[in-house]
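This is what each chain is made of:
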Amino acid sequence: MSWVKQVGWRHLVGITAVLFSLFPIVFVVSAALNPLGTLSSSELLPTGFTLRNFVDLFAEHAFVNWYGNSLLIAGLASAAAIFISMLAAYAFSRMRFRGRRVGLLSLLMIQMFPQFLAVVTIYLMFTTITDLWPAVGFNTAWGLILLYLGGALGVNTWLMKGFFDTVPKELDESATMDGASHAQAFFRIILPLVTPIIAVTGLLVFIATINEFLLANVFLTDTEAKTLSVGLYGLLGGESRNTNFGIFCAGSLLTAIPTVLVFQFLQRYIVSGLTAGSVKG
Amino acid sequence: MAGKAATPLLDRGGREASDEVPRPPRSVGLGGQIGKIVALSVTVALAVWAAFPLVQQRQWLGLGIEIAVVAVICYVYLSPRRVPTKYLLPGTLLLIAFQVVPVLYTVGTAVTNFGDGHRGSKAEAVVAIQTSSVTRVAGSTEYALSVATRGTAGTGPLVFLLVDPAGAAFVGDADGLRPLSGATVNGGRVTAAEGYSLLNIGQAAARGPEVTEFTVPTDRGAIRAQGISAAYEGQAGRLYDADCDCVRETATGAVWRADDDEGVFVNDVGERLAQGWKVNVGFANFTRIVTDGAVAGPFAGILVWNLAFAAGSALGTFALGLLCALALHSPKLRGRRIYQILLILPYAMPSFAMLLIWRDIFNTDFGLLNRMLDLDVDWFGGTWSARIAVILVQLWLGYPYMFLVATGALQAIPKEVGEAARIDGAGAWQQFRRVTLPLLLVALSPLLISSFAFNFNNFTAIYLTTEGAPFPADNPGAGGTDLLITYMFRLAFDAQGAQYGFAAAISVVIFAIVAVISAVAFRRTRAQEEVYS
């Protein structure tokens with residue numbers, strides 16, 4: 001009886017949660033392996049085994065392009081976003097200057113205005129940009145990366161600043177006393193100590209970017225320029241919703257791979273980074 | 001650092017302070033210097049590259065802004081002062097360009113009638129009215145037409161290269177007709193022209209509908225294509241008359257007068273011409289949210305559901321994540337690691353794809369749920385079943401993240417706190433309710449607030465699943481699971497005619513609601529004081 005009270009209920013909750021978590025994923029795997037490849041013939045557990053859906057995905061659609069675009073955009077955008085917000089977090093955490101409080105508050109406010117609400121304006125803006133500089137206009141990775149970087153300062157800076165605050169000030173102060181410049185104090189003293197939060201923010205931005213659908217959908221209309229989210233969404237459009245389901249599920253599984261890899265790679269930082277960043281203390 | 005070349009000229013920072021305490025000379029790292037020079041050079045090179053198209057298209061304002069931005073960048077990074085600015089500038093510039101400017105422009109749009117039929121200036125509306133009324137009349141001038149473009153043959157903007165009966169060559173586009181120099185006229189038509197690439201017959205035919213739609217406005221009417229090798233100058237059936245500020249139909253004498261308050265041409269019986277122009281309408285869009293019955297009714301209902309959805313998603317994922325974290329937070333539990341990995345798998349799956357898959361799980365005809373349970377339920381057909389379904393999907397997507405965060409927060413609470421409570425006689429529940437939960441909430445409430453703010457505007461959660469369904473028969477514009485943002489999206493991009501101005505007004509209201517709720521919530525948490533310290 002005491003086992004039930006001590007440990008048993010924990011297993012019960014754990015198993016229920018795992019079932020809830022896994023049920024749609026098992027369905028995706030089953031549908032991806034389903035020889036018929038339609039929604040109506042896909043069962044929860046696999047009824048057959050074929051790799052045809054995967055083969056079709058590569059043969060009939062520009063999946064390789066989409067994959068490359070997604071990796072390029074998510075990789076570059078998250079790296080650049082981390083760098084930018086890292087710098088800003090350092091300034092907010094370590095320096096006292098006029099407008100600091102206002103700056104922090106406005107960062108919070110501006111990101112509450114969903115960038116998506118301004119989608120009409122963004123569209124008009126990039127129509128002009130495409131006209132002037134096609135290299136960073138519609139249907140280019142560079143333009144979309146720039147657009148994503150507009151939001152880089154938002155939540156990441158707050159998250160990082162919270163973590164930076166936990167690093168004792170004395171460390172960089174003594175480095176400054178020894179003659180280090182502010183840049184050296186940051187890159188050589190602080191940065192090595194805050195890798196957990198850098199890893200976590202990197203993961204969050206990467207996942208958010210690779211999943212981003214709305215702006216990318218407006219931005220990328222050429223088949224070859226699409227990202228995974230836009231391309232896969234197109235597979236289920238109109239009449240093909242039932243017939244392309246297997247291919248879609250195969251694509252979704254392959255899309256999860258980069259995320260899982262990044263996750264594995266950064267795993268040891270994740271739990272400590274997530275909590276310590278949320279609020280100092 | 002490799003180089004110790006501390007030249008006094010490049011010495012930076014803290015000059016004032018060095019009077020008091022003698023310090024070793026600042027070592028300005030050689031690597032840092034080189035990096036800075038390279039970065040600034042690249043910036044300047046990019047700016048020069050970007051300047052050419054601006055000069056070419058005579059965008060002097062754009063050029064001015066660009067020069068100012070580059071000047072600010074160079075000043076900030078070359079001056080030894082303004083150290084905080086050095087760190088804040090890159091993010092701030094991007095923030096201004098791609099968030100602040102669009103947001104301000106959207107807010108500006110909210111006080112206009114911008115939308116389909118009200119896109120441009122009055123002059124543009126007049127041109128549109130005149131060109132769309134063009135008909136071919138006897139004695140119209142005929143031109144030999146060559147379709148060309150300044151860009152690529154497949155997608156570049158079209159221009160008409162025309163040769164009139166007298167043999168003179170012209171170029172015509174949406175701005176009007178201009179003489180064309182540097183063209184080779186062969187057999188009565190343009191066969192080559194400097195700066196233009198001519199479309200061959202196949203390419204022109206492929207863009208046939210565009211060619212047919214294309215009009216070159218002229219004083220008397222407009223030039224339109226007939227086929228892909230001939231064009232004619234037609235006469236406008238409706239002409240603008242500046243004296244009466246009205247549009248007159250030549251054949252019937254009917255008159256539409258300009259109404260500068262509404263930005264339309266309207267006749268005596270109140271009929272409007274389709275092409276209007278953009279005018280400032282003040283707060284009309286905002287008052288419409290409150291006064292227009294067709295808008296105000298659904299708006300209140302949607303707002304209530306939107307609040308419930310955001311609160312339900314944020315609190316639901318938090319509660320579920322916390323429950324799992326508590327259950328798995330025990331050293332006695334075997335297989336804890338396995339549980340954790342399997343539990344957070346949904347977080348690794350691409351969320352856009354999983355939303356679509358959930359949508360298809362709930363599908364009436366082919367969906368997994370109906371087939372497994374042998375039901376024939378239209379899950380997204382009933383308001384409440386659809387609402388429960390979308391919240392369930394949000395729970396599935398969101399709780400692994402909350403689980404991760406809550407696990408971390410639990411680990412951060414010192415064991416002694418729990419032990420102390422137990423010694424003081426607290427039961428397991430009391431210990432959780434009075435000690436663990438308050439500590440967790442201090443750490444996690446900022447996260448809860450931002451989760452609420454995010455879900456309040458969670459467009460994809462609805463757009464990729466129910467698309468707002470079910471829609472009541474009497475108001476097909478506002479569905480049972482619509483959030484304000486999906487409702488706004490439908491207004492803005494409606495097939496019946498986009499109403500950007502009105503949609504922008506709703507955006508501003510949404511922003512105000514979220515901002516007020518978040519501000520109040522933040523004030524109630526202690527997070528604020530800690531963060532500003």
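How each quantity is defined
- Residues numbered from 1 in each chain as written.
- Chains lettered and ligands numbered in written order.
- Predicted model: local features only at pLDDT ≥ 70, side-chain atom pairs only at ≥ 80, totals over all residues.
- Heavy atoms only, no water.
- Helix = DSSP H or I, 4+ residues; strand = E, 2+ residues; numbered from the N terminus.
- Buried < 20%, exposed > 50% of the residue type's maximum accessible area, 1.4 Å probe, protein only.
- Contact = heavy atoms within 4.5 Å.
- Areas by Shrake-Rupley, 256 points an atom, 1.4 Å probe, with all protein chains shown as cover.
- Lys, Arg positive; Asp, Glu negative; His and termini not counted.
- Charge placed at Lys NZ, Arg CZ, Asp CG, Glu CD.
- Axes fitted to C-alpha atoms, helices over the stretch in contact; angles between N-to-C directions.
- Parallel < 35°, antiparallel > 145°, perpendicular 65-115°, else oblique.
- Left-handed = near helix turned anticlockwise from the far one by under 90°.
- Nonpolar A, V, L, I, M, F, W, Y, C, P; charged D, E, K, R; others polar.
- Expected span 1.5 Å × (residues − 1).
- Bend = angle between axes of the 7 residues up to and from the residue.
- UniProt positions renumbered as here; feature names shortened; annotations may be inferred.
- Disulfide = S-S within 2.5 Å.
- Domains from an automatic or database assignment.
- Buried area = accessible area lost by both parts, 1.4 Å probe.
- Salt bridge = Lys/Arg side-chain N within 4 Å of Asp/Glu carboxyl O.
- Polar contact = N/O pair within 3.5 Å; in protein donor to acceptor, adjacent residues only side chain to side chain.
- Core = buried A, V, L, I, M, F, W, Y, C linked by side-chain atoms within 4.5 Å.

Novice: Is there a simple way to explain the overall build of chain A in this structure?
Specialist: Secondary structure summary: chain A contains 13 helices and 0 strands in total. Walking chain A from its N terminus toward its C terminus, one meets helices and strands in the order α-α-α-α-α-α-α-α-α-α-α-α-α. Across its three principal directions, the C-alpha atoms of chain A cover 75 × 70 × 30 Å. Residues counted as buried form 59% of the 281 residues belonging to chain A. Considering only intrachain contacts with a sequence separation of at least 6, the fraction spanning at least 24 residues in chain A is 71%. Total accessible area on chain A stands at roughly 11,500 Å², and carbon and sulfur atoms take up 68% of it. Between the mean site of the 15 positive side-chain charges and the mean site of the 13 negative ones, chain A shows a separation of 16 Å.

Novice: How do you make sense of the overall build of chain B when you look at a structure like this?
Specialist: Looking only at helices and strands, one finds 19 helices and 15 strands in chain B. The principal-axis extents of the C-alpha atoms in chain B amount to approximately 105 × 80 × 45 Å. Going through the 533 residues of chain B one by one, you find that 46% of them count as buried. Across chain B, every contact between residues at least 6 apart in sequence was considered, and the portion connecting residues at least 24 apart equals 57%. Only carbon and sulfur atoms are counted for the fraction: they give 62% of the accessible area of chain B, which is about 26,500 Å². When the 40 basic and 41 acidic side-chain charges of chain B are each reduced to a single mean position, those positions are 13 Å apart.

Novice: I tried to follow the packing of helix H1 (residues 2-33) of chain A against helix H8 (residues 293-328) of chain B on my own but got confused; where do I start?
Specialist: What describes two packed helices is the angle between their axes and the distance between those same axes. Their axes nearest at 8 Å, the elements H1(A) and H8(B) cross at an angle of 135°. In terms of their interaxial angle, H1(A) and H8(B) are classed as oblique. The handedness of the crossing between H1(A) and H8(B) comes out as left-handed. Contacts from Trp9(A), Arg10(A), Val13(A), Gly14(A), Ala17(A) and Phe20(A) in H1(A) reach Leu320(B), Leu323(B), Cys324(B), Leu326(B), Ala327(B) and Leu328(B) in H8(B). The residue makeup of the contact of H1(A) with H8(B), split by class, is 10 nonpolar, 1 polar and 1 charged.

Novice: Honestly, helix H15 (residues 428-456) of chain B in this entry has me stumped. Any pointers?
Specialist: Three or four residues apart is the spacing at which side chains of an α-helix point the same way, because the helix has 3.6 residues per turn. Here H15(B) is 29 residues long, yet its end C-alpha atoms lie only 35 Å apart, well below the 42 Å a rise of 1.5 Å per residue gives. Taking the largest bend as the criterion, H15(B) deviates by roughly 55°, centred on Leu444(B), and proline Pro446(B) comes between one and four positions later.

Novice: Please explain the UniProt feature "transmembrane region" (unreviewed entry) in chain A as it appears in this structure.
Specialist: All names here are of chain A. According to UniProt, the feature "transmembrane region" (unreviewed entry) maps to residues 12-33, 71-92, 104-126, 141-164, 185-210 and 245-266 in the numbering used here. Secondary structure content for residues 185-210 is 96% helix and 0% strand, while the C-alpha to C-alpha distance between its ends is 33 Å. Secondary structure within residues 245-266 divides into 100% helix and 0% strand; the distance between the first and last C-alpha atoms comes to 32 Å.

Novice: Where do I start with the state of the cysteines in this structure?
Specialist: One way to say it: the disulfide is the covalent bond shared by the sulfur atoms of two cysteines. Residues and elements named next belong to chain B. On inspection of all chains with the given rule, the structure shows 1 disulfide over all chains. Sulfur-sulfur distance for the disulfide between Cys244 and Cys246 comes to 1.9 Å. The sign of the -50° torsion about the S-S bond sets the Cys244-Cys246 disulfide as left-handed. Here Cys244 falls in the partly exposed class, since its relative accessible area comes to 26%.

Novice: What's the story with the UniProt feature "transmembrane region" (unreviewed entry) in chain B in this structure? I'm lost.
Specialist: Residues and elements named next belong to chain B. UniProt's entry tags residues 34-54, 60-78, 87-105, 303-326, 338-359, 379-399, 435-454 and 500-522 with the feature "transmembrane region" (unreviewed entry), counted in the numbering of this structure. Between the end C-alpha atoms of residues 338-359 there is a gap of 29 Å, over a span that is 86% helix and 0% strand. Spanning residues 435-454, this segment combines 100% helix with 0% strand, and its end C-alpha atoms are found 29 Å apart.

Novice: Whenever I open this one, the domain arrangement of chain A confuses me. Can you help?
Specialist: Think of interface size as the accessible area that goes away when the parts come together; that is how it is often given. Residues and elements named next belong to chain A. Taken domain by domain, chain A holds domain 1 (1-50) and domain 2 (61-278). For domain 1 and domain 2, the distance between their C-alpha centres works out to 32 Å. Taken residue by residue, the interface counts 10 residues in domain 1 and 8 residues in domain 2. When the buried surface of domain 1 facing domain 2 is broken down by residue, Val28, Ala32 and Leu39 rank first, second and third, together holding 49% of it. Connecting domain 1 to domain 2 are 0 salt bridges. In this assembly, domain 1 and domain 2 are joined by 2 residue pairs in polar contact (both at pLDDT 80 or more). Of the residues belonging to the side of domain 1 that touches domain 2, the class tally is 6 nonpolar, 4 polar and no charged.

Novice: Sorry, what's going on with unusual backbone geometry here?
Specialist: Excluding glycine, residues mostly carry a negative phi; peptide bonds, for their part, are mostly trans. All names here are of chain B. For the bond from Ala469 to Pro470, the omega torsion is 0°, close enough to zero to count as cis. The phi torsion at Arg58 lies on the positive side, around 55°, for a residue other than glycine. What makes Arg58 exposed here is its relative accessible area of 62%. The backbone of Asp245 sits at a positive phi, close to 50°, despite the residue not being glycine. Its location among the elements puts Asp245 in the loop between strand E12 (238-241) and strand E13 (246-249). Classification of Asp245 by relative accessible area gives partly exposed; the value is 22%.

Novice: Sorry if this is basic, but what is going on with the environment of Trp379(B) here?
Specialist: All names here are of chain B. Along the polypeptide, Trp379 turns up in the loop between helix H12 (368-372) and helix H13 (383-412). Linking Trp379 and Ala389, residues 10 residues apart in sequence, is a C-alpha distance of 7.6 Å. When sequence neighbours within four positions are dropped, the list of residues in contact with Trp379 reads Phe362, Thr364, Leu369, Asn370, Ser385 and Ala386.

Novice: Teacher, can you tell me more about the interface of chain A and chain B here?
Specialist: Across the contact, 109 residues belong to chain A and 102 residues belong to chain B. Of the roughly 9,600 Å² buried between chain A and chain B, counting both surfaces, carbon and sulfur atoms make up 75%. Applying the counting rule to chain A against chain B returns 1 salt bridge. For Glu43(A), the salt bridge is made with Arg371(B), and the minimal N-O distance between the two is 3.1 Å.

Novice: What exactly am I supposed to notice about the nonpolar core here?
Specialist: Note that soluble globular proteins tend to have their nonpolar side chains buried in a common cluster. Core analysis: the largest hydrophobic core is formed by 185 residues, its most contacted members being Phe164(A), Phe186(A), Val194(A), Ile357(B) and Ile506(B). Here Phe186(A) is in contact with Met86(A), Leu87(A), Tyr90(A), Phe164(A), Leu191(A) and Tyr87(B), once residues within four sequence places are set aside. Judged by nonpolar contacts, the second largest core, of 15 residues, contains Leu145(B), Leu158(B), Leu199(B) and Val211(B).

Novice: When you look at the domain arrangement of chain B in this model, what are you seeing that I'm missing?
Specialist: According to the domain assignment, chain B contains domain 1 (8-15 + 26-109), domain 2 (135-237) and domain 3 (292-532). Taking the mean C-alpha position of each, domain 1 of chain B and domain 2 of chain B sit 44 Å from one another.

Novice: Honestly, the environment of Ser507(B) in this entry has me stumped. Any pointers?
Specialist: All names here are of chain B. Among the secondary structure elements, Ser507 is positioned in helix H18 (residues 500-524). The class for Ser507 is buried, based on a relative accessible area of 0%. Sequence spacing of Ser507 and Ala39 is 468 residues, and the spatial spacing of their C-alpha atoms is 38 Å.

Novice: Which parts of the structure should I look at to understand the pattern of salt bridges?
Specialist: Opposite charge on two side chains lets them pair, provided their charged atoms get close. Summed over the entire model, instances satisfying the criterion amount to 17 salt bridges over all chains. In this structure, the salt-bridge partner of Arg52(A) is Asp56(A), at a minimum N-O distance of 3.6 Å. Separated by 4 residues within a single helix, Arg52(A) and Asp56(A) lie in helix H2 (residues 52-60), roughly one turn from each other. Classification of Arg52(A) as partly exposed rests on a relative accessible area of 44%. One salt bridge connects Asp172(A) with Arg94(A), and the closest N-O pair in it is separated by 2.9 Å. Within this pair, whereas Asp172(A) is found in helix H8 (residues 169-177), its partner Arg94(A) is found in helix H3 (residues 63-94), the two being separated by 78 residues in sequence. Residues joined by salt bridges that share partners form a network here, namely Lys122(B), Asp245(B) and Asp260(B).

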